[in-house]
Amino acid sequence: MKHLKDYSELSPIFDSKKVQFERKPLNYSLSSLAPSIDKATMNEHYNVHYAAYTKKLNEAVKEENIDVFMGPDMQGIKQILKNIRKYSAKVRNNGGGFYNHFLYFENLSPEKKNPKGVLREAIIRNFGSLAKFKKQFLDAGLNQFGSGWVWLVQNGNVLEIMTTTNQDNPLMDRAFVGEILLGMDVWEHAYYLKHKADRKSYIQDFFEVIDWDVVEQRMKK
Ligand code: MN3
């Protein structure tokens, strides 16, 4: 089996038998986000949950003979998500799980950062202040019933907060053509070992470990 990674520059390939989605390696250690997100949670989340979505997505792509165009900037999975209604629940759940966790782990950092430059300006223009953005993002997370995700997305000059259920993603079945800037997992597996049922304290801790440089890099400028 030739392994292809959907997080790097690749040659195009259309053969589902050769497609292999892989987790993006972390550029920080599992323990380095503590105390905001503890090592045990990170290990379960990255090495068990994210790994399982990735494995099952690879299974589903083979079982359903899905031709995937692997390319830079995660084109392979994005193409599947944008056409998700053509595929099974297994593809939807695990394709979403694969891409959502790619975004989540990439937009975390052990370094304390703050929004800068055009990102900071856009947040202030759209939400009034960073504090007001955080309040809206927190509320969106608290109001998301059951498992799901909270997103900061960009549509042209407009930044918006969106939520999705289960492992759905803004790219699925929508007229969404913008950029996903930030993803926050509010499934219990993202926080239950440390924060128990206290989703609010998890979200407050999540704000401490956001990689705002990655968020800014995802902006279309
Ligand atoms: Mn998760």
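My aim in this report is to walk through the structure given alongside it, one point at a time. (Residues numbered from 1 in each chain as written. Predicted model: local features only at pLDDT ≥ 70, side-chain atom pairs only at ≥ 80, totals over all residues. Heavy atoms only, no water.)

## A word on the overall build of the protein chain
Stage number 1. For the protein chain, the count of helices and strands is eight helices and three strands.
Stage number 2. Along the protein chain, helices (α) and strands (β) appear in the sequence α-α-α-α-α-β-β-β-α-α-α when read from the amino end.
Stage number 3. The dimensions of the protein chain, computed from C-alpha atoms along their principal axes, are 45 × 40 × 30 Å.
Stage number 4. Within the protein chain, the fraction of its 221 residues that count as buried is 49%.
Stage number 5. Counting every atom, the protein chain has about 10,300 Å² of accessible surface; 50% of that belongs to carbon and sulfur.
Stage number 6. The average position of the 32 basic charges and that of the 27 acidic charges among the side chains of the protein chain differ by 1 Å. (Helix = DSSP H or I, 4+ residues; strand = E, 2+ residues; numbered from the N terminus. Buried < 20%, exposed > 50% of the residue type's maximum accessible area, 1.4 Å probe, protein only. Areas by Shrake-Rupley, 256 points an atom, 1.4 Å probe, with all protein chains shown as cover. Lys, Arg positive; Asp, Glu negative; His and termini not counted. Charge placed at Lys NZ, Arg CZ, Asp CG, Glu CD.)

## Points about the pairing of strand S2 (residues 158-165)
Stage number 1. Across eight bridges, strand S1 (residues 148-155) lies against S2 in antiparallel orientation. Pairing of Leu152 across the sheet is with Ile161, part of S2.
Stage number 2. Between the end of S1 and the start of S2, which pair antiparallel, lie two residues, with Gly156 showing a positive phi angle near 60 degrees. (Pairing = 2+ DSSP bridges.)

## What to know about the coordination of the manganese ion
Stage number 1. Donor atoms from the polypeptide that coordinate the manganese ion comprise His45 (NE2), His101 (NE2), Asp185 (OD) and His189 (NE2), at 1.9 to 2.1 Å from the metal.
Stage number 2. On the primary sequence, the residues serving as donors to the manganese ion are separated as H-x55-H-x83-D-x3-H. Here His101 lies in helix H3 (residues 89-106) and His45 lies in helix H1 (residues 39-63), a separation of 56 residues in the sequence.
Stage number 3. Given the relative accessible area of 1%, His45 is considered buried. (Donors = N, O, S within 2.8 Å, 3.2 Å for Na, K, Ca; no water.)

## Some points on the packing of aromatic side chains
Stage number 1. Throughout the structure, instances matching the rule amount to 16 aromatic pairs.
Stage number 2. Taking the centre distance of 5.3 Å and the plane angle of 85 degrees together, the rings of Tyr46 and Phe105 count as edge-to-face. Residue Tyr46 is located in helix H1, and its partner Phe105 is located in helix H3; the two are separated by 59 residues in the primary sequence.
Stage number 3. With centroids separated by 5.9 Å and ring planes inclined at 85 degrees, the aromatic side chains of Tyr104 and Trp149 adopt a geometry described as edge-to-face. Within this pair, whereas Tyr104 is found in helix H3, its partner Trp149 is found in strand S1, the two being separated by 45 residues in sequence. Summarising the burial analysis for this pair, Tyr104 and Trp149 share the class buried. (Phe/Tyr/Trp six-rings, centres within 6.5 Å; stacked < 30°, edge-to-face > 60°.)

## Quick notes on H1
Stage number 1. The terminal C-alpha atoms of H1, which comprises 25 residues, lie 35 Å apart, in line with the 36 Å expected from a rise of 1.5 Å per residue.
Stage number 2. At Ala51, H1 is deflected by roughly 30 degrees, the largest bend along its length.
Stage number 3. Every buried residue belonging to H1 is among Thr41, Met42, His45, Tyr46, Tyr50, Tyr53, Thr54, Leu57, Asn58, Ala60 and Val61, and all of these are buried.
Stage number 4. Of the surrounding secondary structure, the elements contacted by the buried residues of H1 are helix H2 (75-82), H3, strand S3 (179-185) and helix H6 (192-195). (Expected span 1.5 Å × (residues − 1). Bend = angle between axes of the 7 residues up to and from the residue. Contact = heavy atoms within 4.5 Å.)

## Digging into H3
One full turn of an α-helix is made of 3.6 residues, so residues set three or four places apart face in the same direction.
Stage number 1. Look at H3: 25 Å from first C-alpha to last across 18 residues, which is about the 26 Å you get at 1.5 Å a residue.
Stage number 2. Within H3, 13 of the 18 residues are buried, leaving the element largely enclosed by the surrounding structure.

## Here's the deal with the side chain of Gln144
Stage number 1. With respect to the element layout, Gln144 can be found in the loop between helix H5 (130-143) and S1.
Stage number 2. When residues no more than four places from it in sequence are discounted, the contact partners of Gln144 are Thr163, Thr164, Thr165, Val186 and Arg199.

## Here's the deal with the sheet that holds S1
Paired through their backbone hydrogen bonds, the strands of a sheet run either parallel or antiparallel.
Stage number 1. With respect to topology, three strands assemble into an open sheet ordered S2-S1-S3, the strand pairing being antiparallel. Lying at the two open borders of the sheet, with one neighbouring strand each, are S2 and S3. Along the sheet, successive strands turn relative to each other by an average axial angle of 20 degrees, direction set aside.
Stage number 2. Inspection of the sheet shows S1 paired to S3 by six bridges, in the antiparallel sense. Paired with Val153 across the two strands is Ile180, which belongs to S3.
Stage number 3. Sheet contacts for H5: S1, S2 and S3; angle to S1, the most-contacted strand, approximately 140 degrees. (Axes fitted to C-alpha atoms, helices over the stretch in contact; angles between N-to-C directions.)

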